[in-house]
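Summary of structural features
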Amino acid sequence: MNNHSFMEEIFEVLDPLNDVEMDVSEFNTNTVADSQSRRQILSENPSSAAIPTVDLTESYEDRSRSPTPEVTASKSWTEQTEVIEELQPEEIRWFYRDPGQKQQWVAFIGYDSLRIECKFRQFKYDGGGGSGYVVHEDNVGTITARGSLYEVDIVSKKCFPTYWAAESGDIMRGTWFLDRTWLPLEEIYADKLEEEHLKKFHKQTVETECSASTKDKKHVIHHVVFTEFHVDWRSAFDVFMFSEARSYKLMRSVTSSLGFSKAGVRLHRGYCEEARPDDKLPGITHLVFVVHGIGQKMDTNRIIRNCTRFRHVAALIMEQQFQDVVKNDQRAEFLPVEWRSSLKLDDGTVESVTPEKVRGLRELLNSTAMDVMYYNSPLFRSELVHGLQRELNRLYDMFCVRHPYFEASAGKVSILAHSLGSVITYDIITGWSPVSLYDEFVNATVVS
């Protein structure tokens, strides 16, 4: 993302008129955090922080997709002191953004964020007591996240699906955040701000009081300029970002002439909510395979999208109607089974002899009705059945490796199939085959 689009995104979300500081009630109490409570979790040295080893799958993905927490303002402030230290793992929050979508960054749940941060620090401090940023490419591992439906690569900053093929999404480490929305500042800027902040305030004991009334009285004690915006420090907790765009400069001059303070976006160091190890999903007690029918060749990702919608709807119904199941640490997970694209069948013969006339209609028929003809063909039917069978076994084996407790706890397995997929699934479960029926008929005839 270039600087221009990044700034447009920030200042569209936070209109400068709404950022004119007029009253202390407009500020967030979460700006001032108790340093002791924010460091109760994972307070060990970053280089020796333990990495949790339990992988739980997230079918309740709506939790991580919930809107960014809104923190209500308060008119009362508690004056106390705090020693400025490096951010602890629980103060940092990791975010993801799926490919092909113009959505805002979505925060990982606390359990995932802590594990990703610990893995990140393991590589960051590997081989030098934290003195340098050293990453050994040959040692790089991945972390399962979003309920082990996805894997996170710390080095490439990518998040890719575990059980199906799709384009990878981006992840980002959030250290500095925008006021009210708590969206993360891009890493290239946040890392620079963190470096400047520690250079200015590290190990200093400072008052955590910050209010709108004191903002105007304080002078700028530190200043960092980027291409599209600049950041002013008035204290360790009074940090504001100002756009350098001409329209926002004009707006600031107008509001200043009217007697208001300079409009800007308040920045917060550390996330508004601590990442907690207990902020994780219930264990999986029921695995559901979702099998597609005819027409999958036209859109190989359709079953993935439909399965995602089904997962979200099921999670919503569980939370609304089956609270006792959720409280008992139980949930169902849904995995898409895309079995058609891996089959060669006629190896492109039908496509090569398809006439050009009415090409669109013929391709539609080739991608839908031809699947039924393949199933009714003695030559290709077994290939369809074995293709679905192989994919089901592959997914189940992958799932059991990541969830070794599932079989030991007598987890249930179901298959939700549609159209031709349900017919083939029935054949697999019952062992029905026209060839075996014919053999039985011949044998019975010979015996009689």
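One can find the structure itself at the top, above this paragraph.
Here's a quick rundown of the structure. (Residues numbered from 1 in each chain as written. Predicted model: local features only at pLDDT ≥ 70, side-chain atom pairs only at ≥ 80, totals over all residues. Heavy atoms only, no water.)

Remarks on the packing of aromatic side chains
Per the counting criterion, the structure on display carries 15 aromatic pairs. For the pair Phe226 and Phe229, a centre-to-centre distance of 4.9 Å together with 40° between the ring planes defines the contact as tilted. Assessed through its relative accessible area of 0%, Phe229 is described here as buried. Lying over the aromatic face of Tyr150, Arg146 brings its terminal NZ or CZ to 3.9 Å of the ring centre. (Phe/Tyr/Trp six-rings, centres within 6.5 Å; stacked < 30°, edge-to-face > 60°. Buried < 20%, exposed > 50% of the residue type's maximum accessible area, 1.4 Å probe, protein only. Lys NZ or Arg CZ within 6 Å of the ring centre and 35° of its normal.)

Overview of the sheet that holds strand β13 (residues 265-269)
The strands making up a sheet are joined through hydrogen bonds of the backbone, oriented either antiparallel or parallel. One open sheet accounts for five strands, arranged β8-β13-β12-β11-β10; its pairing is antiparallel. Two strands in the sheet have a free side with no partner beyond their single neighbour: β8 (176-178) and β10 (222-225). On average, adjacent strands in this sheet sit at an angle of 30° to one another, irrespective of strand direction. Bridge count between strand β11 (residues 229-233) and strand β12 (residues 239-243): five bridges; the pairing is antiparallel. Bridge pairing in β12 links His230 to Phe242. Contacts between helix α3 (residues 187-201) and the sheet are confined to β8, β10, β11 and β13, with β11 contributing the most and set at about 25° to the helix. (Pairing = 2+ DSSP bridges. Helix = DSSP H or I, 4+ residues; strand = E, 2+ residues; numbered from the N terminus. Axes fitted to C-alpha atoms, helices over the stretch in contact; angles between N-to-C directions. Contact = heavy atoms within 4.5 Å.)

Let's talk about the environment of Ile429
Within the fold, Ile429 resides in helix α13 (residues 420-430). Residue classification places Ile429 among the exposed positions, given a relative accessible area of 63%. Considered as a pair, Ile429 and Gln389 are 40 residues apart in the sequence and their alpha carbons are 9.9 Å apart.

Some thoughts on the pattern of salt bridges
For the structure shown, the criterion picks out 19 salt bridges. A salt bridge links Arg146 to Asp98, with the shortest nitrogen-to-oxygen separation between them at 3.0 Å. Of this pair, Arg146 sits in the loop between β4 (142-145) and β5 (150-153) while Asp98 sits in the loop between β2 (93-97) and β3 (106-107), and the two are 48 residues apart along the sequence. This pair shows no difference in class: Arg146 is buried, exactly as Asp98 is. Glu117 is paired through a salt bridge with Arg121; the nearest N and O atoms lie 2.6 Å apart. (Salt bridge = Lys/Arg side-chain N within 4 Å of Asp/Glu carboxyl O.)

Overview of the environment of His223
As for its position among the elements, His223 is in strand β10. Put simply, His223 and Val239 are 16 residues apart on the chain and 9.7 Å apart in space, counted from C-alpha to C-alpha. Sequence-distant contacts of His223, defined by excluding residues within four places in its chain, comprise His230, Val231, Asp232 and Trp233. Polar side-chain contacts of His223 include one of 2.5 Å to the side chain of Asp232. (Polar contact = N/O pair within 3.5 Å; in protein donor to acceptor, adjacent residues only side chain to side chain.)

Brief notes about the packing of helix α9 (residues 359-367) against helix α10 (residues 369-376)
Two numbers describe how α9 lies on α10: the axes approach to 3 Å, and their chain directions differ by 40°. The orientation of α9 with respect to α10, classified from their angle, is oblique. From α9, Leu365, Asn366 and Ser367 reach across to α10, where they touch Ala369, Met370 and Asp371. Residue classes in the contact of α9 with α10 are distributed as three nonpolar, two polar and one charged. (Parallel < 35°, antiparallel > 145°, perpendicular 65-115°, else oblique. Nonpolar A, V, L, I, M, F, W, Y, C, P; charged D, E, K, R; others polar.)

Concerning the pairing of β2
Among the five residues of β2, five are classified as buried, and the element is accordingly described as predominantly covered. Taking every second residue as pointing to the same face, both faces of β2 are buried, with Arg93, Phe95 and Arg97 on one and Trp94 and Tyr96 on the other. Here five bridges tie β2 to strand β7 (residues 169-174), and the two strands are oriented antiparallel to one another. By the bridge assignment, Tyr96 is partnered in β7 with Ile171. As paired elements, β2 and β3 share two bridges and run antiparallel to each other.

A look at the pairing of β11
For β11, a buried count of five out of five residues is recorded, marking the element as mostly surrounded by other parts of the structure. Side chains Phe229, Val231 and Trp233 project from β11 onto one buried face, and the interleaved His230 and Asp232 project onto a second face that is buried too. Where β10 lies against β11, four bridges are found, and the strand directions are antiparallel. Opposite His222, over in β11, you have Trp233 as the bridge partner. Hairpin remark: β10 followed by β11, antiparallel, with three residues in the connecting loop. The hairpin turn running from β11 into β12, its antiparallel successor, is five residues long.

Some points on helix α6 (residues 302-321)
Between its first and last C-alpha, α6 extends 28 Å over 20 residues, near the 28 Å set by a 1.5 Å rise per residue. Looking only at α6, the buried set comprises Ile303, Ile304, Cys307, Arg311, His312, Ala314, Ala315 and Met318. On the buried face of α6, the contacting elements are β14 (284-291), α7 (323-327) and β15 (331-337). (Expected span 1.5 Å × (residues − 1).)

A word on unusual backbone geometry
Peptide bonds are mostly trans, and most non-glycine residues show a negative phi. At Ser148, a residue that is not glycine, the phi angle is positive and equals roughly 65°. Here Ser148 lies in the loop between β4 and β5. With a relative accessible area of 2%, Ser148 lands in the buried category. Look at Arg180: it is not a glycine, yet its phi comes out positive at around 75°. Along the polypeptide, Arg180 turns up in the loop between β8 and α3. The exposure class of Arg180 is partly exposed, given its relative accessible area of 29%.

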